[in-house]
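# Remarks on the overall topology
Letter by letter, the chains look like this.
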Amino acid sequence: YQRDYSWKQDQWEDLWADILTILNGDSIHYMGSIVLQNKGDKTYSVIDGQQRLSTLTLIVLATIKTIQTLIDKNIDPDNNKERVSLLTKKFIGDKDPGSLTYSAKLELNENNNSFFQTHLMVFRQPLNEKTLGDSDRLLWQAYNFFLSKITAHFHDNEQGEELANFLNKQVAERM
């Protein structure tokens, strides 16, 4: 049921503005209904809401990447490694102990899933953004959009705890 990723800068800007609104108040933000089809064994097909779920997942990945950058800067590395691990497990998926690859909680459609899994999920930059298909390019641009917004928002407060709370307490609970 999923269509190719199609959100663009206007939708990203609107979502970021909604996130800033909840950060500056006590409100919650209603993002609309998500329609799922139960496939059994805690597996669902997304009938409606895939653009929102995909974009929220990009925000998760951008936040985790920002915490990883703190680790690379040797800022509270032990605690931040644990934060990355916990946030990844909670929002992204579990890692297979044998292959060390993630079993993602979200799979995109057949046109986007390969790029999503082999680049975004493992923070690997594409060799040449110009060679990406339109929807994969939009995924990459959305990820970078949110990465830059999160980095700028937390620039004066480079603490993994704040970033983890932003994702876990603000975005996950109030969006």
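Below or above, wherever it landed, is the structure these notes cover. (Residues numbered from 1 in each chain as written. Predicted model: local features only at pLDDT ≥ 70, side-chain atom pairs only at ≥ 80, totals over all residues. Heavy atoms only, no water.)

## Re the packing of aromatic side chains
Each aromatic ring pair is described using two quantities: the centre-to-centre distance and the angle formed by the ring planes. Stated formally: When two rings of Phe, Tyr or Trp (its six-membered ring) have centres within 6.5 Å they constitute a pair, described as stacked for plane angles under 30 degrees, edge-to-face for angles over 60, and tilted for the intermediate range. Strands are runs of DSSP state E lasting at least two residues, helices are runs of H or I lasting at least four, and both sets are numbered from the N terminus onward. Three labels apply to residues, based on accessible area from a 1.4 Å probe with only protein chains included: buried if under 20% of the type maximum, exposed if over 50%, partly exposed otherwise in between.
One pass over the full model with this rule turns up seven aromatic pairs. Taken together, a centroid distance of 6.4 Å and an interplanar angle of 80 degrees make the contact between Phe115 and Trp140 edge-to-face. Note that Phe115 is positioned in helix H4 (residues 113-120) and Trp140 in helix H5 (residues 134-153), a separation of 25 residues in sequence. Like Phe115, the residue Trp140 is buried in the burial classification. Relative to Phe166, the ring of Phe154 lies with its centre 5.3 Å away and its plane at 70 degrees, an arrangement referred to as edge-to-face. Linking Phe154 in the loop between H5 and helix H6 (160-174) with Phe166 in helix H6, this pair joins segments that are 12 residues apart in sequence.

## Regarding helix H3 (residues 77-92)
Applied cut-off: Between the first and last residue of a helix there are one fewer steps than residues, each counted as 1.5 Å, and that sum is the expected span. Note: the arc covers the axis-to-C-beta directions of the helix.
With 16 residues, H3 extends 21 Å from end C-alpha to end C-alpha; this agrees with the ideal 22 Å at 1.5 Å per step. Within the span of H3, buried status applies to Asn80, Arg83, Val84, Leu87, Thr88, Phe91 and Ile92. Projection of H3 onto a plane perpendicular to its axis shows the buried side chains occupying an angular sector of 125 degrees, all on one side. Relative to its buried face, H3 has exposed residues pointing more than 90 degrees away, namely Asp78, Leu86 and Lys89. Within two residues after H3, Gly93 carries a phi angle of roughly 150 degrees, on the positive side.

## Topic: a positive patch on the surface
Filter applied, for reference: Here the term patch refers to residues with relative accessible area over 30% and no salt bridge, with like charges joined within 9 Å and nonpolar side chains (Val, Leu, Ile, Met, Phe, Trp, Tyr) within 5 Å. Only the protein chains shown count as cover for residues, with accessible areas throughout obtained via the Shrake-Rupley method and a probe of 1.4 Å. Any carboxyl oxygen of Asp or Glu that lies within 4 Å of a side-chain nitrogen of Lys or Arg is treated as forming a salt bridge with it. For the charge count, each Lys or Arg is scored as positive and each Asp or Glu as negative, with His and the chain ends excluded. Taken as the charge centre is NZ of Lys, CZ of Arg, CG of Asp or CD of Glu, depending on the residue.
A surface patch of positive charge is lined by Lys89, Lys90, Lys105 and Lys169. Under the relative-accessibility criterion, Lys169 is labelled partly exposed at 40%.

## Structural notes on unusual backbone geometry
With phi around 55 degrees, Lys42 is a residue other than glycine that occupies positive phi space. Within the secondary structure layout, Lys42 lies in the loop between strand S1 (35-40) and strand S2 (43-48). If you check the backbone angles, Asn74 has positive phi at about 65 degrees while not being a glycine. The residue Asn74 is located in the loop between helix H2 (50-72) and H3 in this model. For Asn74, a relative accessible area of 58% puts it in the exposed group.

## Some remarks on helix H1 (residues 9-23)
The end-to-end C-alpha separation of H1 is 21 Å, in line with the 21 Å expected for 15 residues at 1.5 Å each. Buried within H1 we find Trp12, Leu15, Trp16, Ile19 and Ile22. Looking straight down H1, one finds its buried side chains confined to an arc of 120 degrees; they lie on one side. Turned more than 90 degrees from where H1 packs its buried face, Asp10 and Asp14 sit exposed.

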